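# What the coordinates show
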Amino acid sequence: MIQENQYRPLGGSGIRVSPMGVGTNRWAQGKNDEAVFQVFQSVVETGVNFFDTAEVYSRGKSERLLGACLQRDHPPLVIASKFLPLPTRLTRRQFMNALDTSLNRLGVKSIDLYYIHFPYTLLSVEKLMDLMAQAVEAGKIRAVGVSNFSANQMRRAATRLARYHIPLAANQVRYSLVHRQPEKNGVLDLCRERNVALVAYRPLERGRLKSNMVPTASLSGSPSSTADRGKAVSKERILQETLQAIAQQRRKSVSQVALNWLLRTDEHVIPIPGTTSPHHALENADTLNWELSPNEFAVINQASAQR
Ligand SMILES: NC(=O)c1ccc[n+]([C@@H]2O[C@H](COP(=O)([O-])OP(=O)(O)OC[C@H]3O[C@@H](n4cnc5c(N)ncnc54)[C@H](OP(=O)(O)O)[C@@H]3O)[C@@H](O)[C@H]2O)c1
């Protein structure tokens, strides 16, 4: 069970979340709804309180299933969802309609954290933030997030929101041992500087960071030549062997080691592994009960940085 002092601030929003959340983008692809309730139950029993969904996941079914879970008994939770900025959605009315539809599917009056899913739209970052501020003022959302935003786009979003005295709470980006771009593109630094949570999606590289992890050059992109591919495979093998050795010594799984590494990178980082399995939900939450030593962290860092 997570201890009270382990909960982390969601940027400057005043909301506190467990150091790790749960992604629900594949919930609607499960065998049946009862299986989803079991995952939900397992998660909340561990003290994890942060659930991530989006209107686009299975065309709203992920939000609907999470909404059905919320009808059951549960401790206070933090629910995040996302607005999909399609090129055909350019007006305030379309934005508010989408938000109202998400609120209905989730069965809540207010969404705790609402993100702009990605920045590729005809609307400027400033215009998007104006819409988000209106949603906060209308009491439909509590905190504002962005997703897949660069450091520069984040800076613009935070600056615009400051006009309304609203902090940018989070940037949700891909971040894992095999995708360390947020460390290089300025996003992690800016999260530290502006006190914005870095919500790490795909922290297990869609389940590839696990005990029977198979090195494939495709893990880190597509190498251009056979020589590059060979190099990429051997780097992956080094990472794989390092993770497996530490997992074995610690009697943990490779996934737990990979999540633990992310949690140790910075207190602003909040991974949200996706799962449809109660067993994996418990295993992931158990990552919060132990810590990699500084030496283990450094060894993994080096094995991963060689990529
Ligand atoms: N903002 C964005 O653009 C964006 C993009 C992608 C994802 N997301 C969000 O981020 C969340 C996580 O990303 P993701 O689901 O794509 O990738 P992920 O979390 O890296 O991987 C999920 C996969 O890992 C497996 N898994 C989970 N825990 C495991 C464990 N302990 N041992 C072994 N396998 C395990 C899951 O299988 P089981 O189901 O069998 O557990 C699933 O196949 C999503 O659910 C979504 O909410 C956001």
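Going by the structure above, here's the rest.
Please read all numbers here as calculations on a predicted model, not as lab measurements. (Residues numbered from 1 in each chain as written. Predicted model: local features only at pLDDT ≥ 70, side-chain atom pairs only at ≥ 80, totals over all residues. Heavy atoms only, no water.)

### Some thoughts on the overall build of the chain
A count of helical and extended segments in the chain gives eleven helices and ten strands. Radius of gyration (C-alpha) of the chain: 19 Å, near the 19 Å computed for a compact globule of 307 residues. For the C-alpha atoms alone, the extent of the chain along its principal axes is close to 50 × 40 × 35 Å. Burial status across the chain gives 54% buried among its 307 residues. Considering only intrachain contacts with a sequence separation of at least 6, the fraction spanning at least 24 residues in the chain is 79%. Entry remark: accessible area of the chain is about 13,800 Å², with carbon and sulfur atoms responsible for 48%. Put simply, the chain has 39 plus and 26 minus side-chain charges, and the middle of one group is 5 Å from the middle of the other. (Helix = DSSP H or I, 4+ residues; strand = E, 2+ residues; numbered from the N terminus. Rg over C-alpha atoms; globule rule 2.2 N^0.38 Å. Buried < 20%, exposed > 50% of the residue type's maximum accessible area, 1.4 Å probe, protein only. Contact = heavy atoms within 4.5 Å. Areas by Shrake-Rupley, 256 points an atom, 1.4 Å probe, with all protein chains shown as cover. Lys, Arg positive; Asp, Glu negative; His and termini not counted. Charge placed at Lys NZ, Arg CZ, Asp CG, Glu CD.)

### Remarks on the pattern of salt bridges
For the structure on display, the rule yields 16 salt bridges. Arg192 is the partner of Asp189 in a salt bridge, and the nearest nitrogen-oxygen pair spans 3.1 Å. Of this pair, Asp189 and Arg192 both sit in helix H7 (residues 187-194), three residues apart, which is roughly one turn of the helix. Judged by its relative accessible area of 44%, Asp189 is partly exposed. For Arg250, the salt bridge goes to Glu296, with nearest N and O atoms at 2.9 Å. In this pair, Arg250 sits in helix H8 (residues 226-250) while Glu296 sits in helix H11 (residues 294-305), placing the two residues 46 residues apart along the sequence. Given the relative accessible area of 29%, Arg250 is considered partly exposed. On the basis of relative accessible area, Glu296 is assigned to the buried category, the value being 12%. A single salt-bridge network, built from bridges that share partners, covers Asp189, Arg192 and Asp266. (Salt bridge = Lys/Arg side-chain N within 4 Å of Asp/Glu carboxyl O.)

### Concerning the sheet that holds strand S7 (residues 141-147)
Strand order across the open sheet formed by eight strands is S3-S4-S5-S6-S7-S8-S9-S10, with parallel pairing between neighbours. In this open sheet, the two strands that pair with only one neighbour each are strand S3 (22-23) and strand S10 (269-271). Two strands pair when backbone bridges link them, and S7 and strand S8 (residues 168-174) are joined in this way by four bridges, in the parallel orientation. Opposite Gly145, over in S8, you have Ala170 as the bridge partner. Helix-sheet contacts for H7 involve S8, strand S9 (197-201) and S10, and the interaxial angle to S9 is about 145°. (Pairing = 2+ DSSP bridges. Axes fitted to C-alpha atoms, helices over the stretch in contact; angles between N-to-C directions.)

### Digging into the site of the ligand
Every one of the 28 residues lining the ligand counts as a neighbour, but Asp52, Leu204, Thr275, Thr276 and His280 are closest to it. Between an oxygen atom of the ligand and a side-chain N or O atom of Asn148, the distance comes to 3.0 Å. At a separation of 2.9 Å, an oxygen atom of the ligand approaches a polar backbone atom of Arg206. Alone, the ligand offers 900 Å² of accessible surface; in the complex the protein occludes 89% of this. When residues of the shell around the ligand are assigned to their parent elements, the largest contribution, three residues, is made by helix H10 (residues 278-286). (Near = heavy atom within 4 Å. Polar contact = N/O pair within 3.5 Å; in protein donor to acceptor, adjacent residues only side chain to side chain.)

### Quick notes on the side chain of Ser18
With respect to the helices and strands, Ser18 occurs in the loop between strand S2 (16-17) and S3. Judged by relative accessible area, Ser18 falls into the buried class, the value being 0%. Among the polar contacts made by the side chain of Ser18, one reaches the main-chain carbonyl oxygen of Met20 at a distance of 2.8 Å. Ignoring anything within four residues of it in the chain, the contact list for Ser18 reads Ile2, Tyr7, Gly47, Val48, Asn49, Phe50 and Ile270.

### As for the side chain of Asn49
Residue placement: Asn49 occurs in the loop between helix H1 (33-46) and strand S4 (50-52). A polar side-chain atom of Asn49 sits 3.4 Å from the main-chain carbonyl oxygen of Arg16. The contact partners of Asn49, leaving out residues within four places of it in the chain, are Tyr7, Arg16, Val17, Ser18, Pro76, Leu77 and Val78.

### Here's the deal with unusual backbone geometry
Residue His165 is not a glycine yet carries a positive backbone phi of 60°. Among the structural elements, His165 can be located in the loop between helix H5 (151-162) and S8. Taking the relative accessible area as the measure of exposure, His165 reaches 74% and is therefore exposed. We note that Arg202 has phi near 55°; this positive angle belongs to a residue other than glycine. Summarising the element assignment, Arg202 is placed in the loop between S9 and H8. Of the residues examined, Arg202 reaches a relative accessible area of 27% and is grouped as partly exposed.

### Notes on the pairing of strand S6 (residues 111-116)
Within S6, six of the six residues are buried, leaving the element largely enclosed by the surrounding structure. By the bridge criterion, four bridges tie strand S5 (residues 78-83) to S6 in an arrangement that is parallel. Bridged to Ser81 within S6 is Tyr114. Bridge count for S6 against S7 is five bridges, and the pairing is parallel. For Leu113, the partnering residue across the bridge sits in S7 and is Ala143. For the handedness criterion, the β-α-β arrangement of S6, helix H4 (residues 125-137) and S7 is classed as right-handed. (Right-handed = clockwise from strand over helix to strand, strands pointing away.)

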